[in-house]
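Chain residues, written in single-letter form:
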Amino acid sequence: MPTHVLFVCLGNICRSPLAEAVFRAKIAEAGLADAFAVDSAGTGSWHVGEPPDERTRRVARARGIELARTARQIRRDELDRWDYIVVMDESNRRDVLSLGADPARVVKLRDFDPEGPGDVPDPYYGGLDAFEQVYGIIDRSLDGFLEALRPSLDPGTGL
Ligand code: 4NP
């Protein structure tokens with residue numbers, strides 16, 4: 001069975017679609033694409049159906065990463081499908097827990113940041129520099145996350 005990973009933020013237009021796309025690129029690069037099922041979602045509904053924020057797409061495109069999907073809201077009935085529900089901040093964590101997520105499945109992305117824990121800050125009301133900073137945080141935290149998961153990957157689908 002592939003390891004199921006869902007990235008979650010508030011709107012699903014800035015942080016979580018970026019984390020999803022960068023993680024897809026990293027596992028493809030590592031030859032581990034088949035070891036994972038990956039998706040992202042928002043806790044809120046305001047942006048459902050919209051493409052990712054233009055600023056998110058711009059910082060991703062500058063690294064050769066295209067963001068293809070549109071925003072969706074997380075559903076109660078999917079919570080048990082994910083091995084890891086990877087939230088961006090404490091507010092996301094509270095929201096998924098209040099929906100009924102198993103606390104053992106909920107992790108915060110920046111707990112894997114080699115430069116130290118914290119929230120992935122919401123860049124929505126910031127400038128392009130906030131999006132650049134978020135890209136860096138997500139990129140290095142995903143490296144830490146993937147390394148933390150490696151020992152538990154199914155040898156039949158992974159390495
Ligand atoms: P995201 O960013 O949670 O990283 O997608 C946000 C997107 C939209 C809003 C807030 C944060 N908003 O308030 O509409």
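Asks: Honestly, the overall build of the chain in this entry has me stumped. Any pointers?
Replies: Each helix and strand in the chain was counted, giving four helices and four strands. In summary, the chain has a C-alpha radius of gyration of 14 Å against a globular reference of 15 Å for 159 residues, a match within 12%. Taking the principal axes of its C-alpha atoms as reference, the chain extends roughly 45 × 35 × 30 Å. A total of 159 residues make up the chain; the buried ones form 48% of that total. The contacts of the chain with a sequence gap of at least 6 include a subset with a gap of at least 24, amounting to 70%. Just so you have it, the chain exposes about 7400 Å², and 50% of that area is on carbon and sulfur atoms. Each charge class in the chain was averaged separately, 20 positive and 27 negative side chains, and the resulting centres sit 3 Å apart.

Asks: How should the packing of aromatic side chains be read in this particular structure?
Replies: How two aromatic rings sit relative to each other is set out by the distance from centre to centre and by the angle between their planes. Under the defined criterion, the tally for this structure stands at seven aromatic pairs. Ring centres 5.5 Å apart and planes at 65 degrees place the aromatic pair Phe7 and Phe23 in the edge-to-face group. Here the residue Phe7 occupies a position in strand 1 (residues 3-9), and Phe23 occupies one in helix 1 (residues 15-29), the gap between them amounting to 16 residues. A relative accessible area of 0% places Phe23 in the buried class.

Asks: Mind showing me how you'd approach unusual backbone geometry here?
Replies: Keep in mind that most residues, glycine aside, have a negative phi and that most peptide bonds are trans. You will see that Asn12, though not glycine, has its phi angle at about 60 degrees, which is positive. By secondary structure assignment, the location of Asn12 is in the loop between strand 1 and helix 1. Assessed through its relative accessible area of 1%, Asn12 is described here as buried.

Asks: Could you clarify how one ought to interpret the nonpolar core in this entry?
Replies: Proteins that are soluble and globular tend to have nonpolar side chains buried together. Ranked by size, the top nonpolar core spans 35 residues in total, and within it Phe7, Phe23, Phe36, Leu109, Ile138, Leu142 and Phe145 carry the most contacts. Counting residues per element, the ones that place at least two in this core are strand 1, helix 1, strand 2 (36-42), helix 2 (54-61) and helix 4 (128-149). By residue number, the principal contributor to this core is helix 4, which donates nine residues. With residues near it in sequence (within four places) discarded, Leu109 still touches Val86, Val87, Met88, Val120, Ile138, Ser141, Leu142 and Phe145. By size, the runner-up hydrophobic cluster in this structure holds 11 residues, among which are Leu6, Leu79, Ile85 and Val87.

Asks: Explain the environment of Val106 to me, please; I cannot follow it from the model alone.
Replies: Within the fold, Val106 resides in strand 4 (residues 106-108). As for Val106 and Ile85, which are separated by 21 residues in sequence, their C-alpha atoms are 4.7 Å apart. Those residues in contact with Val106 that lie beyond four places of it in its chain are Ile85, Val87, Arg93, Val96, Leu97 and Ala101.

Asks: What is the right way to look at the site of the ligand in this model?
Replies: The full set of residues close to the ligand is Cys9, Leu10, Gly11, Asn12, Ile13, Cys14, Arg15, His47, Asp122, Tyr124 and Tyr125. One nitrogen or oxygen atom from the main chain of Asn12 is found 3.2 Å from an oxygen atom belonging to the ligand. One of the backbone N or O atoms of Ile13 is found 3.0 Å from an oxygen atom in the ligand. Protein coverage of the free-state accessible area of the ligand, which is 360 Å², stands at 92%. Across the shell around the ligand, the residue classes tally to six nonpolar, three polar and two charged.

Asks: Explanation requested: the state of the cysteines in the structure shown.
Replies: A covalent bond bridging the sulfur atoms of two cysteines is what the word disulfide describes. Applying the stated criterion across every chain, the model contains zero disulfides. Cys9 provides the cysteine sulfur closest to Cys14, a residue in no disulfide bond, and the two sulfurs are 6.9 Å apart.

Asks: Can you walk me through the packing of helix 1 against helix 4 in this structure?
Replies: Helix-helix packing is characterised by the crossing angle of the two axes and by the distance between the axes. Running from amino to carboxyl end, helix 1 crosses helix 4 at an angle of 50 degrees, the nearest separation of the two axes being 10 Å. With respect to helix 4, the element helix 1 is oriented oblique. For the pair helix 1 and helix 4, the sense of crossing is right-handed. Across the interface between the two elements, Arg15, Leu18, Ala19, Val22, Phe23, Lys26 and Ile27 of helix 1 pack against Val134, Tyr135, Ile138, Asp139, Leu142, Asp143, Phe145 and Leu146 of helix 4.

Asks: Which parts of the structure should I look at to understand helix 3 (residues 90-99)?
Replies: Think of an α-helix as turning once every 3.6 residues; residues three or four places apart then point the same way. Its side-chain oxygen placed 3.1 Å from the backbone nitrogen of Ser91, Asp89 serves as the N-cap of helix 3. In the stretch just after helix 3, Gly100 is the one whose phi turns positive, near 115 degrees.

Criteria and thresholds
Residues numbered from 1 in each chain as written. Predicted model: local features only at pLDDT ≥ 70, side-chain atom pairs only at ≥ 80, totals over all residues. Heavy atoms only, no water. Helix = DSSP H or I, 4+ residues; strand = E, 2+ residues; numbered from the N terminus. Rg over C-alpha atoms; globule rule 2.2 N^0.38 Å. Buried < 20%, exposed > 50% of the residue type's maximum accessible area, 1.4 Å probe, protein only. Contact = heavy atoms within 4.5 Å. Areas by Shrake-Rupley, 256 points an atom, 1.4 Å probe, with all protein chains shown as cover. Lys, Arg positive; Asp, Glu negative; His and termini not counted. Charge placed at Lys NZ, Arg CZ, Asp CG, Glu CD. Phe/Tyr/Trp six-rings, centres within 6.5 Å; stacked < 30°, edge-to-face > 60°. Core = buried A, V, L, I, M, F, W, Y, C linked by side-chain atoms within 4.5 Å. Near = heavy atom within 4 Å. Polar contact = N/O pair within 3.5 Å; in protein donor to acceptor, adjacent residues only side chain to side chain. Nonpolar A, V, L, I, M, F, W, Y, C, P; charged D, E, K, R; others polar. Disulfide = S-S within 2.5 Å. Axes fitted to C-alpha atoms, helices over the stretch in contact; angles between N-to-C directions. Parallel < 35°, antiparallel > 145°, perpendicular 65-115°, else oblique. Left-handed = near helix turned anticlockwise from the far one by under 90°.

Take it as geometry only, folks, not as evidence of what the structure does.
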